[in-house]
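Summary of the model geometry
The chain contents come next:
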2 protein chains.
Amino acid sequence: MTPSLTLDRHAHLGREAAASATRGASAAFVREKCATCSVAALCLPGGLSHDDLRPLQSLFLTTRRISEGEAVYGDGDPFRFIYAVRRGTCKTTLAGRDGREQVTGFHMAGEVMGLEGVAHGVHATSAVALEDTEVCLIPYQRLVAVTAATPGAKDLLTHLMSQEIVRDHSLMLMLGFNEAPNRLAAFLLNLSERYAARGYSPREFHLRMSRGEIASFIGVKVETISRTLSLFQRSGFIQARGRHVRITDLEGLKQQYELRIR
Amino acid sequence: MTPSLTLDRHAHLGREAAASATRGASAAFVREKCATCSVAALCLPGGLSHDDLRPLQSLFLTTRRISEGEAVYGDGDPFRFIYAVRRGTCKTTLAGRDGREQVTGFHMAGEVMGLEGVAHGVHATSAVALEDTEVCLIPYQRLVAVTAATPGAKDLLTHLMSQEIVRDHSLMLMLGFNEAPNRLAAFLLNLSERYAARGYSPREFHLRMSRGEIASFIGVKVETISRTLSLFQRSGFIQARGRHVRITDLEGLKQQYELRIR
DNA sequence: CGAGGCATTGATCTCAGTCAACCAGCGTGG
DNA sequence: CCACGCTGGTTGACTGAGATCAATGCCTCG
């Protein structure tokens, strides 16, 4: 398995219509149904048929706008919801005993956060918006009830969690082996795939996270990110100015770094 | 790769009561109930009352003996069961595209393996016995059915999975920061705790895994394991000869290395 | 007994961390 | 409007932890 570091994307779908939400900052809570959600195909595990979705209609979900830098939930918060990103980007972080923190993931539209809270009824990570973001609050207890009562959909939760486990494993694999350039290449290529899955260009995108956050995520220091980006640029693989990245030789980047495991 | 679930020789019943098992090499499969299982308290999530366990009685489980070096399940195998270790020790490994593999965990009595298989209906890791081991095969579909029908126990699965996620996260955190001595200390202290939780000495135990497997798990090379063990020994924290380890200064080891995050 | 796997130890090399200087953008406030 | 400071990013010089290469010891097993 190549280190893929993601919840895998399931389906393409055009860019978000998302006009559904009542707009304007004043209306922070909006009732929504999965069945009419534009990112449901990405959010829910692949196996679900349209019929399977029907019971979910009874789940009236609230959405919430989170502005850049604000927390969706915090380390230690009681666990009530799992959160699906509808629009925007979040990071999840894990705090070490001494205040240091590690970024455990970046989450884009259609990806789910907060599942680790099930274990102890309390969130073990924090989620923070990297840009203005809209998340879908899925009440956990209600979801359990609904899925339990519905044969076709009962695996939904476990699927989501299992995906999370698989994703974490591949991340561990990456942190275990590869050196800096491989890690960064894997990170960029992963982003590229996820943008592609959402109908955006796989070769040109805007990074939502800082160098420091990338560094934390892939387990190196900021300076190393800078140097390695410069290296990639000198080698003709990418062009980066600030947070704008253009991958000029996607195949080259793949071949040079992806499979390299020391 | 191959399931290679061998029925095998030796009974070698340790301290575990396990008298239930029809003994002798001929009977490799044995019907068991969680309710009478000696490691159930460790295996099942803490929140379950004795009543919650009752429905599980209807789950007739098979146990299987795995001899040292044999696989419990393999990367790519269809996902049918999750596996609880009843006796012995297993490692789970993740294979890189190029043949390299990383150890993702060591599992002792009462710990569960294989949950990552839910995601795609196929196991993403392999599990191999590090000594003669007995595992409990829990049929996933049946477990889902039973727990879905039982309000009190319905969170069982999700709890297990969420625990796995939390565990993976803390491992990631460790791999992300800390340098070699901290990692190794954390590893030893973790083992110590787990032995203690099972009624064994926290200060003296026999490693079930090779130096190479430890190295892979904590993300360094074998030589570094050797050197660091020697360092610990010179510093008076431990005495190690071969796989036998005695922690002579447990508190010291903790204070010197545990909280150190660079 | 020898062979082969595992472990230890030493010598050397190298990648990335550290320390430090510097630059670019940006919002604040004089 | 510019000066200022602040944050984020880049680049250079140096250092050090751990990888690599290699030799040797130790054990079990046939």
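Basis of the calculations
Residues numbered from 1 in each chain as written. Chains lettered and ligands numbered in written order. Predicted model: local features only at pLDDT ≥ 70, side-chain atom pairs only at ≥ 80, totals over all residues. Axes fitted to C-alpha atoms, helices over the stretch in contact; angles between N-to-C directions. Helix = DSSP H or I, 4+ residues; strand = E, 2+ residues; numbered from the N terminus. Parallel < 35°, antiparallel > 145°, perpendicular 65-115°, else oblique. Contact = placed C-beta atoms within 7 Å. Nonpolar A, V, L, I, M, F, W, Y, C, P; charged D, E, K, R; others polar. Near = placed C-beta within 6 Å. Least-squares fit on C-alpha atoms with pLDDT ≥ 70 in both. Pairing = 2+ DSSP bridges. Core = buried A, V, L, I, M, F, W, Y, C linked by C-beta atoms within 7 Å. Buried ≥ 20, exposed ≤ 12 C-beta atoms within 10 Å, placed from the backbone. pLDDT = per-residue confidence, 0-100. Expected span 1.5 Å × (residues − 1). Arc of directions from axis to C-beta.

The subject of this paragraph is the packing of helix α6 (residues 211-218) of chain A against helix α7 (residues 222-234) of chain A. Think of two packed helices as two axes; the pair is described by the angle between the axes and how far apart they sit. Residues and elements named next belong to chain A. At a closest axis distance of 8 Å, the pairing of α6 and α7 adopts a crossing angle of 100°. It follows from the interaxial angle that α6 and α7 lie roughly perpendicular. Listed contacts from α7 to R211, G212, I214 and A215 of α6 are V222, T224, I225 and S226. Split by residue class, the contact of α6 with α7 holds 4 nonpolar, 3 polar and 1 charged.

With that out of the way, let us pick up the protein's contact with DNA strand D. DNA strand D sits among 17 residues. The nearest are A:S210, A:S230, B:E179, B:A180 and B:T224. Listed by contribution, the elements that provide at least two residues to the surface near DNA strand D are α6 and α7 of chain A together with α7 (222-234) of chain B. For the surface near DNA strand D, the residue count by class is 5 nonpolar, 5 polar and 7 charged.

All right, on to the relation of the copies chain A and chain B then. Mapping chain A onto chain B calls for a screw motion: a turn of 179° about the axis and a shift of 0.0 Å along it, with 0.1 Å RMSD after fitting. In short, the pair behaves as if placed about a two-fold rotation axis. A symmetric contact is evident, with 92% of the interface residues of chain A recurring at the interface of chain B.

On to the sheet that holds strand β10 (residues 204-206) of chain A, then. Residue and element names in this part refer to chain A. A sheet is described by the order of its strands in space; here 3 strands give the open sequence β10-β12-β11, paired in antiparallel fashion. Every other strand in the sheet has two partners, leaving β10 and β11 (238-241) as the edge strands with one partner each. Here the average twist between neighbouring strands, direction ignored, is 15°. One ladder, built from 3 bridges, connects β10 with strand β12 (residues 244-247); its direction is antiparallel. By the bridge assignment, H206 is partnered in β12 with H244.

Moving on: the interface of chain A and chain B. Listed as interface residues are 38 residues of chain A and, on the opposing side, 37 residues of chain B. Only β6 (101-108), α3 (140-148) and α4 (156-176) of chain A provide two or more residues apiece to the side of chain A that touches chain B. Looking at the side of chain A that touches chain B, the element that brings in the most residues is α4(A), giving 16 residues.

Looking now at the nonpolar core. Generally speaking, nonpolar side chains in soluble globular proteins are found buried as a group. With 71 residues, the main nonpolar core has A:V72, A:Y83, B:V72 and B:Y83 as its most contacted residues. With near-sequence residues (within four places) excluded, B:V72 lies in contact with B:I66, B:Y83, B:C90, B:M113, B:A127, B:V128, B:A129 and B:V135. Core analysis: the second largest hydrophobic core is formed by 48 residues, A:F217, A:I247, B:L94 and B:L171 among them.

Let us now look at the sheet that holds strand β10 (residues 204-206) of chain B. Residue and element names in this part refer to chain B. Ordered by their spatial adjacency, 3 strands build an open sheet running β10-β12-β11, and the pairing between neighbours is antiparallel. Looking along the sheet, the strands with just one partner apiece sit at the ends: β10 and β11 (238-241). In this sheet, adjacent strand axes meet at a mean angle of 15° when their direction is disregarded.

Let's shift gears to the confidence of the model for chain A. Of all residues in chain A, 73% have pLDDT values of 70 or greater, and the mean over the chain is 79. The model gives residues 1-30 of chain A a pLDDT under 50, and that stretch makes 62 contacts with residues more than four places away or in other chains.

For the rest of this paragraph, the subject is the protein's contact with DNA strand C. In the vicinity of DNA strand C there are 18 residues, among which A:E179, A:K221, B:R211, B:S226 and B:S230 approach most closely. For the surface near DNA strand C, the secondary structure elements donating two or more residues are α7 of chain A together with α6 (211-218) and α7 of chain B. Of all the elements, α7(B) adds the most residues to the surface near DNA strand C, at 6 residues. Here the residues of the surface near DNA strand C are counted per class, giving 5 nonpolar, 5 polar and 8 charged.

Residues and elements named next belong to chain B. Most of strand β6 (residues 101-108) is tucked away: 7 of the 8 residues are buried. Bridging between strand β5 (residues 89-95) and β6 involves 7 bridges; their strand directions are antiparallel. By the bridge assignment for β6, T89 is matched with M108.

Let us look at α7(A). All names here are of chain A. The terminal C-alpha atoms of α7, which comprises 13 residues, lie 18 Å apart, in line with the 18 Å expected from a rise of 1.5 Å per residue. Among the residues of α7, I225, T228 and F232 are the ones counted as buried. In a view along the axis of α7, the buried residues occupy a sector of 75°, so they form one face of it. With respect to the buried face of α7, the exposed residues turned more than 90 degrees away are E223, S230 and R234. Tucked into the core, α7 has its buried residues touching α5 (180-197), α6 and β11. Looking one or two residues beyond α7, the residue adopting positive phi is G236, at roughly 85°.

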